[in-house]
Amino acid sequence: MDKRLQEIEEKVKQRIRLGKEDGVYLYHSDDLLAIGALARAKKIEASQRYVYFNVNRHINLTNICVSRCKFCAFGVDENGTGGPYVMSPEEAFTFGAEAVDYGITEFHVVSALHPSKPFDYYVEVVKRLHEAYPQIHIQGFTAVEIFYFAQISGLSVREVLSTLKEAGLGSMPGGGAEVFNDDIRRELCPRKAMSDDWLQVHQTAHELGIKTNCTMLYGHVESIEDRIHHLMRLRELQDTAPGFQSFIPLPFLPDNTRLSHLGRTSALDDLKTMAISRLMLDNIDHIKAFWIMLGIPLAQIALEFGADDLDGTVIEERIMHSAGASTEKGIDKQAIIELIRESGYTPVERDTLYNVIEIF
Ligand code: SF4
């Protein structure tokens, strides 16, 4: 281990917060295994040998989107190609209800920015699911969607969140953060929430007692400095308005996007990003290896690089698969238990809020 890496190791051991230069240095270091070992020690400190998963149903209400971000393969035009669809509240309910017998503990509702569906439509979907299945947690709507609902309804972000919470929304996912550099956002996704908007929505949610997750989309046009800056902004918000439960680094999947010339991130970059996220985000308990995007083998290895959560069994995911995710659209509970065991960790089924349901 070189001298600079030893200094960082010392800081980590003494629980001294890593700074921007530390994070950038880690990215430029070739010593992947040393970085992984540091992150693994932090993971064990946070959650011992446990690796969490949950059993959920993704409900993607529509793929019709006014934003058409360059890195997205899911959103399509209303009258264009790519199979535009929108579920009625009834269809969304039936789609969710079909999965209840699988023992799901979460409905995960994330969609595109539909040009004409009113805010009431989303409230109705949440209300119907919640009234029929009050025991199943509803995690729904990225900050980008919440910000959009405020724009189309004329309500404030706080009013939008309060209305959804009253209808049965339990928590929010972490998507739409992309990378907090507004020059990049103006280039890749100019029509949706900018960096401060995204952070403001999460701050408001945390103030209202709504737990959330957070993400970073990496491997497109951002720099290493952008990535570290992004992690530090999340860490700052968690200091001032805590409420993030987990962080999910999302590698950019280029297939069928307008950035398809960029290619995929390397496994080395994915593992390093996982480990550095664990080391920089010293105030977020859980780091998630989202198997849908990483693929199962790499997600298993990521457990040795600081991740302590594999997300869920999912049951039919559409968004990442539009962009070329080659994984199954869902796997069953026994399979996820086995793949955690194979990696030498203890599988723990959790609910959305990280209450332990069963240790396997
Ligand atoms: S990333 Fe979200 S907002 Fe952007 S085009 Fe895709 S679905 Fe729409």
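Our subject is the structure that appears above.
Residues numbered from 1 in each chain as written. Predicted model: local features only at pLDDT ≥ 70, side-chain atom pairs only at ≥ 80, totals over all residues.

1. Focus: the overall build of the chain
And then number 1: Along the backbone of the chain there are 15 helices and 11 strands.
And then number 2: Expected size for 360 residues packed as a compact globule is a radius of gyration near 21 Å; at 19 Å, the chain falls within 12% of this value.
And then number 3: If one aligns the C-alpha atoms of the chain with their principal axes, the spans along those axes are about 60 × 45 × 40 Å.
And then number 4: The buried share of the chain, taken over its 360 residues, is 50%.
And then number 5: Nonlocal contacts in the chain, meaning residues at least 24 apart in sequence, comprise 77% of its contacts between residues at least 6 apart. (Helix = DSSP H or I, 4+ residues; strand = E, 2+ residues; numbered from the N terminus. Rg over C-alpha atoms; globule rule 2.2 N^0.38 Å. Buried ≥ 20, exposed ≤ 12 C-beta atoms within 10 Å, placed from the backbone. Contact = placed C-beta atoms within 7 Å.)

2. Some thoughts on the pairing of strand β2 (residues 56-59)
And then number 1: Of the two faces of β2, the one carrying Asn56 and His58 and the one carrying Arg57 and Ile59 are both buried.
And then number 2: Where β2 meets strand β3 (residues 106-109), 4 bridges bridge the pair, whose relative direction is parallel. Within β3, the residue paired with Asn56 across the bridge is Glu106.
And then number 3: Note on the crossover from β2 through helix α4 (residues 89-97) to β3: the handedness is right-handed. (Pairing = 2+ DSSP bridges. Right-handed = clockwise from strand over helix to strand, strands pointing away.)

3. Section: the site of the ligand
And then number 1: Residues in contact with the ligand, as listed here, are Cys65, Ser67, Arg68, Cys69, Cys72, Phe74, Gly75, Ala112, Leu113, Val144, Cys189 and Lys192.
And then number 2: Split by residue class, the shell around the ligand holds 8 nonpolar, 2 polar and 2 charged. (Near = placed C-beta within 6 Å. Nonpolar A, V, L, I, M, F, W, Y, C, P; charged D, E, K, R; others polar.)

4. Side note on the sheet that holds strand β6 (residues 211-218)
And then number 1: Within the open sheet, the 7 strands sit side by side as β2-β3-β4-β5-β6-β7-β8. Their pairing is parallel. Bordering the open sheet on either side are β2 and β8 (286-287), each of which pairs with just one other strand.
And then number 2: Here strand β7 (residues 244-251) runs beside β8; their pairing, made up of 2 bridges, is parallel. Looking across to β8, one finds that Ser246 is bridged to His286.
And then number 3: Contacting β3, β4 (137-140) and β5 (169-172), helix α5 (residues 119-132) runs over the sheet at an angle of about 160° to β4.
And then number 4: Each of β6, β7 and β8 is contacted by helix α11 (residues 267-280), which is oriented at about 160° to β7, the strand it contacts most. (Axes fitted to C-alpha atoms, helices over the stretch in contact; angles between N-to-C directions.)

5. Concerning unusual backbone geometry
And then number 1: Residues other than glycine seldom take positive phi values, yet Gln48 does so here, at roughly 45°.
And then number 2: Position of Gln48 among the secondary structure elements: in the loop between α3 (32-47) and β1 (50-54).
And then number 3: Of note, Asp311 is a non-glycine position whose phi angle comes to about 65°, a positive value.
And then number 4: Here Asp311 shows up in strand β9 (residues 309-312).
And then number 5: Using a count of 24 C-beta atoms within 10 Å as the deciding quantity, one classes Asp311 as buried.

6. Let's talk about helix α10 (residues 224-240)
And then number 1: The end-to-end C-alpha distance of α10, which contains 17 residues, comes to 25 Å, matching closely the 24 Å that a straight helix rising 1.5 Å per residue would cover.
And then number 2: Taken as a whole, α10 has its buried residues at Arg227, Ile228, His230, Leu231, Leu234 and Leu237.
And then number 3: Packing partners of the buried residues in α10 comprise α2 (20-28), α9 (195-207), β6, β7 and α11. (Expected span 1.5 Å × (residues − 1).)

7. Examining the nonpolar core
And then number 1: Grouped together as the largest cluster of nonpolar side chains are 103 residues, with contacts concentrated most on Ile146, Phe147, Leu279, Ala289 and Ala302.
And then number 2: Top element by residues in this core is helix α6 (residues 143-153). It accounts for 7 residues.
And then number 3: Residues contacting Phe147, with those up to four places away along its chain left out, are Val157, Ala193, Asp197 and Val201. (Core = buried A, V, L, I, M, F, W, Y, C linked by C-beta atoms within 7 Å.)

8. Structural notes on the sheet that holds strand β10 (residues 346-350)
And then number 1: Ordered in space as β9-β1-β10-β11, the 4 strands form an open sheet in which the pairing is mixed. Whereas interior strands pair on both sides, the edge strands pair on one side only; in this sheet they are β9 and β11 (356-359). Between one strand axis and the next, the sheet turns through 25° on average, direction left out of account.
And then number 2: Bridge analysis of β10 against β11 gives 3 bridges, and the strand direction is antiparallel.

9. Description of α9
And then number 1: Between its first and last C-alpha, α9 extends 18 Å over 13 residues, near the 18 Å set by a 1.5 Å rise per residue.
And then number 2: Elements in contact with the buried residues of α9: α6, α7 (157-167), β5, β6 and α10.
And then number 3: Note on α9: the residue one or two positions beyond its end, Gly209, has a positive phi of about 85°.

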